[in-house]
Structure formats: structure tokens, C-alpha cells
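Descriptive structure summary
Chain by chain, the residues run as shown.
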Amino acid sequence: MSLEEGLKCLRLKDYAKAVELLEEYCQQSANFYSPLYVQAKMALARAYRSNNQRQQAIALALELENHLDQEVSQWAKRLLTIFGAEQKTIGITTNRVKSRSLPKAARSAQVSVRLSRTIPENRLIFAKLLTITAFYVIVFGLFFVTTRLLLIPAGTGVIIALLLTGFLGGLILFIAPNLIDWTQKRLYRVRWVSLAEIKRDSPESAAVIGRICREKGLKPPKLGIIENGQPLAFTYGSRRGNASLVVSRGLFTYLDDEELATVYAHELGHIWQGDFALMTICASFAHLSCYLDSFAQNQDNNFQDTVFLGLLSLIITIFRQILVFCSLYLSRTREYFADHFAAQVTGNPNALARALVKIAFGLVQENAQSSPLSLSINVLNIAQEQDAIIAGNVYGIALESRRIGQSFLWDIYNPWAKWLELQSNHPLTGKRIGALANYAQQMDLDIEFSLGEILRQEIELDRKKLYQNFFLRLCLYYAWGLGFIIGVVIAGFLGLKFSSWAALGLILVGGGLGIIINRLASYPRLKNASFSDIFSLTDNPYSHPLPAIPVRLRGELIAQGKNFFFKDSTGIIPLAPNYRFGFWHKIRTTNPPMAAINNTSVRILGWFRRDLSPRLEWSQITHSGGNIRGYPRFWSLVSGFCLLVSGLIIAVTF
């Protein structure tokens with residue numbers, strides 16, 4: 001019995017037959033230490049897991065955990081970790097464990113099919129040009145303002161600014177990939193591997209990589225693996241010929257073979273489209289920022305070193321924000337095109353849809369929001385950790401595929417989702433899966449997560465409720481910014497009658513009033529807070545970020561570095577940092593009392609806010625030893641009143 005037949009059945013999702021063939025191959029194998037035997041054992045573990053033979057899969061993973069090959073041992077440990085995470089986080093019940101193996105929609109019998117896009121074909125070109133133009137205009141403006149401050153004549157200043165802008169743009173494009181290589185080597189220990197090693201863990205992925213490179217005439221990218229449990233995948237480089245494609249070990253753990261293959265196809269789509277070069281520039285600043293933070297934390301620096309690192313980090317953060325702002329539209333657009341590319345070349349859009357949800361589940365399980373690795377590759381990663389909470393939690397407890405699909409109604413139809421997505425560097429997961437459902441429909445395939453039926457529920461949604469007071473709430477949501485803008489406009493209009501100090505006072509008054517209005521609208525009183533759970537809060541298509549929902553919750557507190565999460569039997573959600581000085585969030589303090597009750601049962605009284613990244617803002621945490629109080633509303637109001645009073649004093653005095 002050949003190993004290839006067993007692997008073929010595994011790729012075709014005939015898991016029962018794959019188990020039969022792989023078991024027979026392993027029993028007949030004479031050399032227990034041969035690479036083929038080990039490959040068969042690893043494939044058999046995956047087949048057991050996909051065939052709902054959990055105990056056999058765990059037993060085989062325990063056997064491989066003691067293998068002499070370190071890579072095989074690490075692979076087995078990661079598989080055991082995911083089994084443990086599934087039980088620990090979600091609760092140990094037979095039905096919930098089986099929810100990881102929900103029925104899967106089919107794939108096309110053909111690959112390299114032709115599919116019409118859900119967005120115009122020229123949008124990616126427009127997004128690239130917009131990003132480049134915005135970046136150069138902003139950088140040119142900064143240089144030109146600097147020359148004017150140095151009293152350089154306007155004509156000469158324009159020439160100097162143009163030269164510096166062109167030089168800086170070329171320099172960043174050249175050094176950005178090397179900067180990411182350098183920081184990854186020091187922070188994340190990326191290991192470069194051959195296609196043969198990828199084939200051992202995921203035969204279909206290796207086949208997809210080889211076929212796409214041949215068909216598209218691409219030079220095979222440099223393949224890397226980071227030994228980290230978070231499911232991550234990203235591509236970087238300055239041109240197609242020197243692209244690097246890196247995935248984490250967690251991706252092999254959380255995804256099946258066909259799902260992993262579509263992720264590799266997605267990343268190759270970024271290389272084929274050429275969008276990865278611009279995004280590499282953005283990611284290089286994020287990597288450098290994370291490296292500086294790590295360096296500062298691990299060094300015993302004196303005051304001068306601390307000030308220098310702080311200023312350097314501030315400069316890098318400013319440029320990083322400029323780059324991210326310029327690339328938001330491109331970053332969202334390119335994901336749709338890469339998804340389309342993957343669906344075409346694999347003929348398997350449903351597997352990519354499952355992969356996106358499982359990646360979300362993995363990011364939630366691994367508490368990715370507190371990870372420097374996740375933060376540093378945020379703009380490059382196949383999925384965004386902030387958007388993972390809803391899909392990840394629902395996948396963790398859903399007993400049917402339709403329930404998972406229904407959780408995407410907020411992404412697709414809620415006006416807040418459409419607005420907040422404009423500030424995100426990734427499309428919302430629900431919208432991406434909706435586009436993949438369209439591709440599956442073009443292939444006459446069943447649609448994953450029953451999304452076709454779910455989308456027809458639009459007529460059942462109360463559109464009046466969806467848009468109720470949306471524009472009023474939007475103004476209140478940005479009241480702090482609108483206050484400053486109104487202050488600037490009034491100060492400018494009355495500028496001839498007031499001194500510059502008086503104008504500053506008016507600006508502070510406007511900003512202070514805006515903050516006060518925003519905070520009062522954001523935090524309803526807690527006396528009407530009722531008991532709820534994470535699933536009920538996050539799975540509501542009508543929810544909105546303002547006002548927040550007063551809630552009482554029972555569960556467990558989890559500490560991850562300086563970040564805290566709350567977990568109950570229905571999911572996990574981050575706790576918003578409790579800043580002692582309101583919007584002056586750079587002055588952040590740790591909370592030793594909270595760290596002391598890590599992994600203990602607690603009750604939380606606070607507010608649930610449905611944003612791009614849903615979170616709990618807590619007022620009181622009750623545990624066996626007493627209460628911990630937080631005052632997010634109070635300190636925000638204090639900040640607003642301080643600005644308001646300061647502005648009034650300045651305006652009246654001057």
C-alpha cells in the first residue's frame with residue numbers, strides 16, 4: 001500500500017479512507033525511523049483529527065512528541081496544545097469538541113478556474129497609486145515645512161524637499177525587507193525551510209506552491225517558519241524576485257491540509273499582484289518599533305538612554321502612523337484580490353473561508369492581541385487580530401455551520417461596520433467570506449457556513465433599527481475631535497480680535513467640551529446592568545460602539561503580559577486598559593491587584609463596547625478576596641474638565 005494513495009485521500013477529504021490506507025502503510029513499514037514513515041504518522045494524526053477520532057489523534061501526537069527529530073517533536077507538541085486549548089477554553093463537552101469538525105462545503109474538481117471579481121479590476125492599481133501619492137505628498141509636506149522653519153527660500157525649499165522625498169522613498173523601499181529580516185531573526189527566530197519540508201507537513205501546500213510558480217512564471221519565494229502558536233502568514237520583499245513568505249507553526253496546527261494550501265495561495269497572490277512591496281515599507285516601521293520596545297524592556301538603561309530611545313520610538317511611531325494611514329485603502333483592497341487569486345488557482349474558495357475563521361479562532365485562543373509578533377506584522381498578516389474576536393468565539397462554540405454564518409451579519413449589514421472598516425487595514429472577515437461565497441456560487445458549489453441562506457436574511461433585518469440615530473451617534477462618537485475642530489474654526493474666525501493665546505484657549509474649550517459630551521454619551525449608568533455572556537453580547541447584528549452596554553459577567557480573568565482578558569463558557573474577550581489619566585493613555589500603569597488574581601473566578605461590572613475590536617471596559621472586578629475598582633468614565637471626564645477650565649482661563653486672561 002503506497003503512502004501517496006493515503007495522502008491523496010487526505011487531500012480529497014476522504015478521511016475515513018485516508019485513515020484506513022495510512023494505518024495499513026504504517027503497520028507494513030519496516031523502518032520506523034525513515035522520513036516516509038514519520039510523514040505517514042503525521043498525516044495519520046491529521047486524518048484522525050479530521051475524522052473525529054480524537055483519542056487516536058492524541059495518542060499518536062503523544063508518540064511523536066518523543067521523536068528524536070526536534071521538528072517532529074515540536075509539531076506534535078503544537079497539535080497537543082490545540083487539543084488542550086479546545087477543551088480548556090471552550091469547556092469540555094462532546095458537542096463542543098465536535099463543533100471543530102463541522103460539515104464542510106465541497107471544492108471544485110478543477111484548479112486554475114476563471115472567476116469574475118466582486119470588485120472592479122482596476123481598483124488595486126488605483127489603490128497603489130493613491131498610496132504612493134499620499135505618502136510622497138505627506139513626506140514632501142513635512143520636508144517643505146522644515147525648510148521654511150529653517151528660513152530657506154520657498155523655491156529652494158521645494159527643490160530640497162523633492163530631492164529628500166525621492167531619496168527617502170527609494171532608501172526605505174531598499175532597506176525595508178532587510179530590516180524585517182533583521183528584526184525577525186532577533187525577535188522571532190524565523191527558520192528558513194525548503195519546499196520538501198513544507199511538503200512533509202502539508203503535501204497540498206507544497207503542490208500548490210510549485211504549480212503556481214510554474215504557471216505564473218514566478219521565482220519561488222523564500223519560505224520561512226516561525227515556531228509560534230499563533231496562526232500567522234505574511235509576505236514581504238521589494239520585488240517579486242526577492243519575496244519572502246513566512247508562516248507560523250500555529251497555522252499548521254489549526255488548519256487542515258487543503259485550508260493551509262489556500263493560505264499559501266493567498267500569499268502567493270500578493271507576490272503575483274506586486275502589492276507586497278508597498279506594504280513591506282509599512283511593516284518595517286512596525287517591526288522596528290517592536291524591536292525598540294523589546295530592547296528597552298530588556299536593558300538597564302540610564303535616564304539619557306531612556307530619553308533617546310523614547311524620542312526615537314516617537315519618531316518611528318509618527319512615520320509608522322503616516323504610512324499606515326496612507327496604505328489603509330490599499331491594505332484592504334489587496335486582501336480581496338489575493339482571496340480572488342487563491343480561489344481561482346485552487347478552485348477551493350470554501351477552504352479559504354474556513355481558514356479565515358479557524359485563523360480567527362486560533363488568534364483568540366493564543367491571545368494574539370497582546371503579542372509583539374502579531375502587532376509587528378499586523379498590516380501584512382492574512383487576518384487582523386482585532387477582527388478575530390467575534391468569528392473566533394462563535395467558531396469555538398457553534399453547534400452548526402449556519403450559526404457561524406449568522407455571526408457575519410454585523411460585518412455585512414451594520415452601518416457601523418461599514419464606517420469603522422474605513423479605519424482598518426483589513427476587510428472585515430464577514431465581507432471577505434461573502435466574496436468567497438460569491439466565487440463558490442460561480443463554481444456551482446455549496447457555500448461554506450450556509451452563508452447564501454444567511455445573506456438572504458437581509459430582508460428580515462430591521463433596517464430602521466440598524467440605522468437608528470446612526471448620524472447622531474456618529475457625531476457623539478467623534479465629539480472630542482469635532483470639539484477641537486469647532487474650536488479651531490471659531491478661533492480662526494475671530495482671530496483678528498483675539499491674541500494667539502486667546503485663540504488657543506478657545507481650541508482647548510472646544511476640545512474639553514467634546515470630550516465631556518463623548519464620555520457622557522459613551523458610558524450609561526451601571527445601575528441597570530444585567531447578567532449576560534460573551535456570545536450573546538458579540539453575536540448581535542444591531543450592536544454599536546456608542547453608547548456601550550452596561551453588563552454583569554461571570555467568568556475567569558486571564559493575564560497576558562500587561563494585557564488582561566475575560567473568559568466565560570461562551571468565549572474570550574479583551575479587557576480595555578484602565579487608564580488613570582483618561583485620554584492621556586501614554587501614561588499607563590500596571591495593575592498588581594489584577595495580576596494577583598490571574599486565572600481565578602471573577603465577576604465583572606462594566607460596559608461592553610462593540611467596535612472593530614470588541615472589548616469590556618470594567619468598573620468593578622469582584623473576586624474571592626474583595627473588589628478592584630476602575631474609573632474609566634471618571635478620569636475621562638476629569639480630562640475634559642481640565643481642558644475646558646484651562647481653555648477658559650487662557651481665553652479670559654489673554
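For clarity, every value in this text was computed on a predicted model and none was experimentally measured. (Residues numbered from 1 in each chain as written. Predicted model: local features only at pLDDT ≥ 70, side-chain atom pairs only at ≥ 80, totals over all residues. Heavy atoms only, no water.)

Scanning the entire structure with this criterion turns up 23 salt bridges. Where aspartate 256 meets lysine 358, a salt bridge forms, and the shortest distance between an N and an O atom there is 3.5 Å. Of the two residues, aspartate 256 sits in the loop between helix 11 (249-254) and helix 12 (257-273) while lysine 358 sits in helix 15 (residues 349-365), which places them 102 residues apart along the sequence. A relative accessible area of 7% means that lysine 358 is categorised as buried. One salt bridge in this structure joins arginine 354 and glutamate 258, with 2.9 Å as the shortest N-O distance. Of this pair, arginine 354 sits in helix 15 while glutamate 258 is found in helix 12, placing the two residues 96 residues apart along the sequence. Both residues of the pair, arginine 354 and glutamate 258, belong to the buried class. The structure contains a network of salt bridges with shared partners spanning Arg107, Glu204, Asp256, Glu258, Glu259, Arg354, Lys358 and Glu448. (Salt bridge = Lys/Arg side-chain N within 4 Å of Asp/Glu carboxyl O. Helix = DSSP H or I, 4+ residues; strand = E, 2+ residues; numbered from the N terminus. Buried < 20%, exposed > 50% of the residue type's maximum accessible area, 1.4 Å probe, protein only.)

To continue, consider the sheet that holds strand 4 (residues 244-248). In space, the 4 strands of this open sheet follow the order 1-2-4-3, with mixed pairing throughout. The strands lining the two open edges of the sheet, one partner per strand, are strand 1 (191-193) and strand 3 (233-236). Shown here is a sheet whose adjacent strand axes are inclined to one another by a mean of 30 degrees, direction ignored. Here helix 8 (residues 154-187) sits on the sheet and contacts strand 1, strand 2 (222-226), strand 3 and strand 4; the angle it forms with strand 3, its principal contact strand, is near 140 degrees. Each of strand 2, strand 3 and strand 4 touches helix 12; the most contacted strand, strand 3, lies at about 20 degrees to it. (Pairing = 2+ DSSP bridges. Axes fitted to C-alpha atoms, helices over the stretch in contact; angles between N-to-C directions. Contact = heavy atoms within 4.5 Å.)

Attention now moves to the environment of threonine 133. When you line up the elements, threonine 133 lands in helix 7 (residues 123-149). C-alpha separation for the pair threonine 133 and cysteine 326, spaced 193 residues apart in sequence, amounts to 8.6 Å.

The subject of this paragraph is helix 29 (residues 632-653). An ideal rise of 1.5 Å per residue puts 32 Å on 22 residues; helix 29 measures up with 32 Å between its terminal C-alpha atoms. If you check which residues of helix 29 are buried, you get Pro632, Ser636, Leu637, Ser639, Gly640, Leu643, Leu644, Gly647 and Ile650. Mapping the buried residues of helix 29 onto a view down its axis gives an arc of 165 degrees, with all of them on the same face. The exposed set on the far side of helix 29, more than 90 degrees from its buried face, consists of Ile649, Val652 and Thr653. (Expected span 1.5 Å × (residues − 1). Arc of directions from axis to C-beta.)

So, about unusual backbone geometry. The linkage connecting leucine 546 with the following residue, proline 547, adopts the cis geometry, with an omega of 0 degrees. Topologically, proline 547 is positioned in the loop between helix 27 (534-538) and strand 6 (549-560). The phi angle at leucine 151 is positive, at roughly 65 degrees, despite the residue not being glycine. Of note, leucine 151 is situated in the loop between helix 7 and helix 8.

What follows covers the pairing of strand 2. Burial analysis of strand 2 places 4 of its 5 residues in the buried class, the great majority of the element. Alignment of strand 1 against strand 2, held across 3 bridges, turns out to be antiparallel. Among the inter-strand pairings, tryptophan 192 is bridged to a residue of strand 2, identified as glycine 224. The pairing of strand 2 with strand 4 spans 5 bridges and is parallel. Counterpart to glycine 224 in the pairing with strand 4 is valine 246.

It is worth spelling out the confidence of the model for the protein at this point. Summary statistics for the protein give a mean pLDDT of 81 and a share of 85% for residues scoring 70 or more. Confidence, expressed as mean pLDDT per element, reaches its minimum in the protein at helix 6 (residues 94-98) with 31 and its maximum at helix 12 with 95. Scored below 50 in pLDDT, residues 88-100 makes 26 contacts in the model with residues more than four places away or belonging to other chains. Within the model, the stretch residues 579-590 combines pLDDT values under 50 with 19 contacts to residues more than four positions away or in other chains. (pLDDT = per-residue confidence, 0-100.)

Let us now look at the packing of helix 2 (residues 15-28) against helix 3 (residues 35-50). Between helix 2 and helix 3, whose axes approach to 9 Å, the crossing angle comes to 150 degrees. One way to sum up the angle between helix 2 and helix 3 is to call them roughly antiparallel. Relative to helix 3, helix 2 is oriented so that their crossing is left-handed. Where helix 2 abuts helix 3, its residues Tyr15, Ala18, Val19, Leu22, Glu23, Tyr25 and Cys26 lie against Leu36, Tyr37, Ala40, Lys41, Ala43, Leu44, Ala47, Tyr48 and Ser50. (Parallel < 35°, antiparallel > 145°, perpendicular 65-115°, else oblique. Left-handed = near helix turned anticlockwise from the far one by under 90°.)

Between two packed helices, both the angle of their axes relative to each other and the distance between the axes serve to describe the pair. Across the interface, helix 1 (residues 3-11) lies against helix 3 with an axial gap of 11 Å and an inter-helix angle of 25 degrees. Judged by the inter-axis angle, helix 1 sits roughly parallel to helix 3. Handedness of the crossing formed by helix 1 with helix 3: left-handed. Contact with helix 1, carried on its side by Leu3, Leu7 and Leu10, involves Leu36, Gln39, Ala40, Ala43, Arg46 and Ala47 of helix 3 and no other residues of that element. Per-class residue counts for the contact of helix 1 with helix 3 are 7 nonpolar, 1 polar and 1 charged. (Nonpolar A, V, L, I, M, F, W, Y, C, P; charged D, E, K, R; others polar.)

Moving on to the pairing of strand 8 (residues 571-574). Residue alternation in strand 8 divides its side chains into two sets, Gly571 and Ile573 and Ile572 and Pro574, and both sets are buried. Across 4 bridges, strand 7 (residues 563-568) lies against strand 8 in antiparallel orientation. Within strand 8, the residue paired with phenylalanine 566 across the bridge is isoleucine 573. Linking strand 7 to strand 8, which pair antiparallel, is a turn of 2 residues.

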